[in-house]
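# A closer look at the structure
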Amino acid sequence: MCQVDEEYNGLLESPVASSATKKCNKCKETTAALVLKPGESLCRGCFKEHFVHKFRAMLGKNRIIFPGEKVLLAVSGGSSSCAMLNQVQEGLGQNAHKKLRFKPGIVYIDEGCLLGQSTEKRQKTMAQINSLFKMTGFPHHIIPLEMVLNLPPSVLEPVHLATDDPAGSYKEAVDHFMQSSPVHSVDPRVDRSELSALTDATNPQLIAEAQTQTLQELFSRVKTLTAKEDLLHTLRRHLLVSTARTEGYSKLMLGENCTRLAVKLLANIALGRGAQLAVDTAFCDPRYGDIVAVKPMRDYTAKEISLYNYMWNVPYVFIPSLETKTADKSSIQRLTESFVVKLQVDFPSTVSTIYRTGEKLQTASVTEDIERAPLKCLFCMCTLDTALGETSAFQATLISEQLSNVGTTPMQASLRPDTQTKCGAPCDQQDGEEHCQAQAVCCSHKGGDSMNLESLLCYSCQQTVKDMTSVEFLPQYIMSEAQRRNRRSEKKSQIRHEISEFLLTEDGDSPSIKADS
Ligand SMILES: [Zn+2]
Ligand SMILES: [Zn+2]
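Now for a description of the structure that goes with this document. (Residues numbered from 1 in each chain as written. Chains lettered and ligands numbered in written order. Predicted model: local features only at pLDDT ≥ 70, side-chain atom pairs only at ≥ 80, totals over all residues. Heavy atoms only, no water.)

### Quick word on the coordination of the zinc ion (ligand 1)
For a metal with four donors in a tetrahedral arrangement, the ideal angle between donors is 109.5 degrees, while six donors in an octahedron ideally sit at 90 or 180 degrees. Summarising the metal site, the zinc ion (ligand 1) is bound by the protein donors Cys24 (SG), Cys27 (SG), Cys43 (SG) and Cys46 (SG), whose distances to it range over 2.2 to 2.3 Å. Its four donor atoms give the zinc ion (ligand 1) angles of 102 to 118° at the centre, a pattern that matches the tetrahedral case. Look at where the donors of the zinc ion (ligand 1) fall in the sequence and you get C-x2-C-x15-C-x2-C. Among the residues examined, Cys46 registers a relative accessible area of 9% and is labelled buried. (Donors = N, O, S within 2.8 Å, 3.2 Å for Na, K, Ca; no water. Tetrahedral: all angles 85-135°; square planar, octahedral: opposite > 155°, others 65-115°. Buried < 20%, exposed > 50% of the residue type's maximum accessible area, 1.4 Å probe, protein only.)

### Focus: the coordination of the zinc ion (ligand 2)
Summarising the metal site, the zinc ion (ligand 2) is bound by the protein donors Cys377 (SG), Cys380 (SG), Cys458 (SG) and Cys461 (SG), whose distances to it range over 2.2 to 2.3 Å. Of note is the zinc ion (ligand 2), whose four donor atoms meet at the metal with angles of 101 to 118° in an arrangement that counts as tetrahedral. Taken in chain order, the donor set of the zinc ion (ligand 2) reads C-x2-C-x77-C-x2-C. Under the relative-accessibility criterion, Cys380 is labelled buried at 9%.

### Digging into the sheet that holds strand E4 (residues 103–110)
On the basis of which strands lie adjacent, the open sheet formed by six strands has the order E5-E4-E3-E6-E8-E7 and mixed pairing. Of all strands in the sheet, those bounded by a partner on one side alone are strand E5 (140–144) and strand E7 (284–285). When strand E6 (residues 251–253) meets strand E8 (residues 292–294), the two strands line up parallel, connected through three bridges. Each bridged residue has a counterpart across the sheet, and for Lys251 the counterpart in E8 is Val292. Of the strands in this sheet, strand E3 (70–74), E4 and E6 touch helix H3 (residues 79–92), which is tilted by about 150° from E3. Where helix H4 (residues 119–134) meets the sheet, it contacts E4 and E5, and its direction lies at approximately 165° from that of E5. (Pairing = 2+ DSSP bridges. Helix = DSSP H or I, 4+ residues; strand = E, 2+ residues; numbered from the N terminus. Contact = heavy atoms within 4.5 Å. Axes fitted to C-alpha atoms, helices over the stretch in contact; angles between N-to-C directions.)

Below you can see the structure in the form of structure tokens.
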């Protein structure tokens, strides 16, 4: 998020000009130190109080994080997630007013491989992040993005938990927590057993060069920055969820702020993710089932966070991303960001207006046909938005696409490698066998399995795959799961076909009898 333009622009009161004149709006005693928005000047103390209160209020209001629960904080090193980390530290401190009672851990994903960074550069960044995390005393996991290649296919299956009354279970958890432990003795900082389990697999040197190359190959097959960012977001999420599962966390805390979410909301619309807007921007994102993602920073603007970090010396690290140093128009996400941020400069309520609109969105309970209801997108794990009626905008898009494309579209080619694309590697029947097992996707002669990714993806994720020249380098866990789902749906339709003549039609007659009469 680029905040440089707006960051301190006239927000910090110049000590020379107005020191004696302006008092804090809140306590009316101390001299104001900053103007949060026109007419809202606060002193240092009141600003801190306001900031801290917002964080606790967000968590308190939603009652999703239970006392004693293990929560994994996704920290990118940027200002927003570092402010989140700082708030958790403060909240767990001995003299915190309303003490937080969960057990935090931190995860950082190093994406240096996609930026072509050298091993030395990546190690330097990780060392910086490591020392930042060490200061907190929380368990932490520093994970190279390459680890995504080792994920099991099960990461793509949402794990459903028995859902009972959430309000009741929250109260139960609080009671249990109070009984089982005197409140003040639970200090996550001294959980040695967890501390010892850290950072073993986190040394980038341990990552085989081949894995780095595979990941680079994958991204080199993606033609646009828009699709690259989308794919990276997907992979990163899978890695976060998987880390949370294997390390025993049940919540994932994300540092997305209000400005970020406003940009995301508009960008999502442009990317065709309309059906997922609500779940993507809400406080609580339950799509993974057992791991619930929460966004406690969603009420803060980027400006507020920058001011807070500046005034209270919250450390953060500048880490370049795919978007860094790219032009405004290089991707849909980047363009939306620049649009919102520039508009915000002249119209300070831009972000809050977009954000409040997002608040009103709710996941519409689309009339799902029962058989299709559990179908989730293979990539983003949202409910598939492609199983819609014939009059939907999606169908209209498909029709116009068909009309304007004579013959096979590039997507069909790349999505059905069995008919069009071979893996490129020399691959004859004999010595190709081993190779094909490794690739699983690209070669048709392995059991005649046809891959149909298209039907497993939501509209927007289909667009991302369309922007890829080939899918051969997609991580194995994705391809295995895709094959499994394809096989399952084939079997389903086969069974349906076999039993079709025994099924009753809607008016109660069996089709065969009907034919006779
Ligand atoms: Zn004050
Ligand atoms: Zn999707």
